[in-house]
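# Working through the structure, step by step
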Amino acid sequence: MSIAVRALSKRYGRKWAVRELTFEVQPGRVTGFLGPNGAGKSTTMRAIVGLDRPTSGEALIGGRRYAALPAPLQEVGTLLDAKAAHRSRRAVDHLRTVAATHGIRRRRVDEVIALAGLESAATRRAGTFSLGMSQRLGIAVALLGDPHTLILDEPVNGLDPEGVAWMRGLLSQLAAEGRTVFLSSHLLSELALVAEHVVVIGRGALIADAPLAALTAREERVRVRTERLPELMRLLSGPGVTTSSGGPDVAEVTGVPVDQIAQRAAAAGIVLLELAPVHRTLEEAYTELTGSAVEYRAGSADGSAS
Ligand SMILES: Nc1ncnc2c1ncn2[C@@H]1O[C@H](COP(=O)(O)OP(=O)(O)OP(=O)(O)O)[C@@H](O)[C@H]1O
């Protein structure tokens, strides 16, 4: 089921947190939700799950408002606040309570404990959990109803490297099963490993809604390495071609497609030790996209924005 955000606006006092935001999140893939601090990501996610009432516009899941879903936990799993569990309650009891109040069979609790890798911590009180373990408990709650849609706000926050890798595997698996997986994250290199599609917002407005591959693609730039670099550069030079040297035997070339470089080198008997298109990283694409939409920038020592 898809999530549809349509002309969503949310105002707090005089401040628009989100303004006329429209996008859709499709099932069967992981969609990343990005934006600078204060861009409106949490507000949007809260509106989708009915925790915030839009000032105007709407957010629908499978064509319905969250509040209108007959069994919301069985349809939408959410992780919006990792520390939401009652501090004095044992993790397993927290899960059992949520299950019991939502008509979820008790056996499912053991399943999600295993899915979230919480076996050894299940009988500990949630208040003693590290942030990473709280995230795992939050994921366990989100998965309790075996929902077709997952909405996760910064799920990777606080996880150790093993936990991050585990989360990546879990999210990919959930998407591969045909579920809708929508998550926000500031960890761009991590997100780039798991998200197939990316929605970027800034100052409450849509900046990009595109496949990750489209965001990171750029004018073809090719990295070459050869012991006969000057000769190859002479061969490739021409109008519209730029080269930049990255060392005595390495250069990046734009303006000549990869296969042509290979053919011309072969024709001249030049052995290529490396030949690869260079993509930009999600971080580079993001910085370019959001450059003017950053609301809270690190200031200089005198307090003025840099
Ligand atoms: N309950 C609230 N009352 C007043 N203003 C709010 C409230 N919630 C959010 N805002 C404001 O709305 C804007 C968007 O906030 P939001 O938390 O949605 O951004 P975000 O993209 O999730 O940020 P971050 O990356 O820092 O979590 C911010 O300017 C924030 O200060």
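Residues numbered from 1 in each chain as written. Predicted model: local features only at pLDDT ≥ 70, side-chain atom pairs only at ≥ 80, totals over all residues. Heavy atoms only, no water.

In any sheet, the strands associate via hydrogen bonds between backbone groups, in a parallel or an antiparallel arrangement. Spatial ordering of the open sheet is given by S2-S1-S4, a layout of three strands whose pairing is antiparallel. The sheet terminates laterally at strand S2 (15-25) and strand S4 (56-61), the two strands that pair on one side only. This sheet shows a mean twist of 20° between the axes of neighbouring strands, independent of strand direction. Of the strand pairs in this sheet, strand S1 (residues 3-12) and S2 are connected by seven bridges, and their pairing is antiparallel. Looking at the pairing, Val-5 lines up with Phe-23 of S2. Strands in contact with helix H1 (residues 41-48) are S1, S2 and S4; relative to S1, the strand with the most contacts, it is inclined by about 115°. (Pairing = 2+ DSSP bridges. Helix = DSSP H or I, 4+ residues; strand = E, 2+ residues; numbered from the N terminus. Axes fitted to C-alpha atoms, helices over the stretch in contact; angles between N-to-C directions. Contact = heavy atoms within 4.5 Å.)

Moving on to the packing of helix H3 (residues 91-101) against helix H4 (residues 107-115). Here H3 crosses H4 at 130°, and the two axes come no closer than 9 Å. Considering the angle they form, H3 stands oblique to H4. For the pair H3 and H4, the crossing hand works out as right-handed. From H3, Val-92, Leu-95, Arg-96 and Ala-99 reach across to H4, where they touch Val-109, Val-112 and Ile-113. Taken together, the residues that form the contact of H3 with H4 break down as six nonpolar, no polar and one charged. (Parallel < 35°, antiparallel > 145°, perpendicular 65-115°, else oblique. Left-handed = near helix turned anticlockwise from the far one by under 90°. Nonpolar A, V, L, I, M, F, W, Y, C, P; charged D, E, K, R; others polar.)

Domain boundaries assigned for the protein chain yield domain 1 (3-216) and domain 2 (221-278). Summarising the inter-unit geometry, the C-alpha centres of domain 1 and domain 2 are found 45 Å apart. (Domains from an automatic or database assignment.)

Turning to the pattern of salt bridges, a few remarks are in order. Taken as a whole and judged by the stated rule, the model has 18 salt bridges. Salt-bridge contacts for Asp-93 lead to Arg-90; the nearest nitrogen and oxygen are separated by 2.8 Å. Overall, Asp-93 belongs to the partly exposed group, its relative accessible area being 23%. Classification of Arg-90 by relative accessible area gives partly exposed; the value is 29%. Of the charged contacts in the structure, one is a salt bridge between Arg-223 and Glu-274, with a shortest N-O distance of 2.5 Å. Note that Arg-223 is positioned in strand S10 (residues 221-225) and Glu-274 in strand S13 (residues 274-278), a separation of 51 residues in sequence. Through salt bridges with shared partners, a single network forms among Arg-105, Arg-108, Glu-111, Asp-146, Glu-177 and Arg-179. (Salt bridge = Lys/Arg side-chain N within 4 Å of Asp/Glu carboxyl O. Buried < 20%, exposed > 50% of the residue type's maximum accessible area, 1.4 Å probe, protein only.)

Turning our attention to the side chain of Thr-226. Tracing the backbone shows Thr-226 in the loop between S10 and helix H9 (229-236). Polar contacts involving the side chain of Thr-226 include one to the main-chain amide nitrogen of Arg-228, which spans 3.1 Å. A polar atom in the side chain of Thr-226 sits 2.9 Å from the backbone oxygen of Val-271. In this structure, Thr-226 is in contact with Leu-232, Asp-249, Ile-270, Val-271, Leu-272 and Leu-273, ignoring residues within four places of it in sequence. (Polar contact = N/O pair within 3.5 Å; in protein donor to acceptor, adjacent residues only side chain to side chain.)

Glancing now at the pairing of strand S3 (residues 29-34). The side chains of a regular strand alternate between both faces of the sheet. Across the six residues of S3, six count as buried, placing the element largely inside the fold. Relative to strand S7 (residues 180-184), S3 is paired through five bridges, and the arrangement is parallel. Note that in S7 the partner of Gly-32 across the bridge is Leu-183. Looking at chain direction, S3 and strand S8 (residues 197-202) are connected through four bridges and run parallel. Within S8, the residue paired with Phe-33 across the bridge is Val-199.

All right, on to the sheet that holds S3 then. Spatially, the six strands line up as an open sheet ordered S5-S6-S7-S3-S8-S9, and their pairing is mixed. Looking along the sheet, the strands with just one partner apiece sit at the ends: strand S5 (76-79) and strand S9 (205-211). Adjacent strand axes in the sheet meet at a mean angle of 15°, parallel and antiparallel pairs treated alike. Sheet topology places S8 next to S9; six bridges connect them, and they run antiparallel. Note on S9: the bridge partner recorded for Ile-201 is Leu-206. The strands touched by helix H5 (residues 131-143) are S5 and strand S6 (149-153); relative to S5, the strand with the most contacts, the crossing angle is about 165°.

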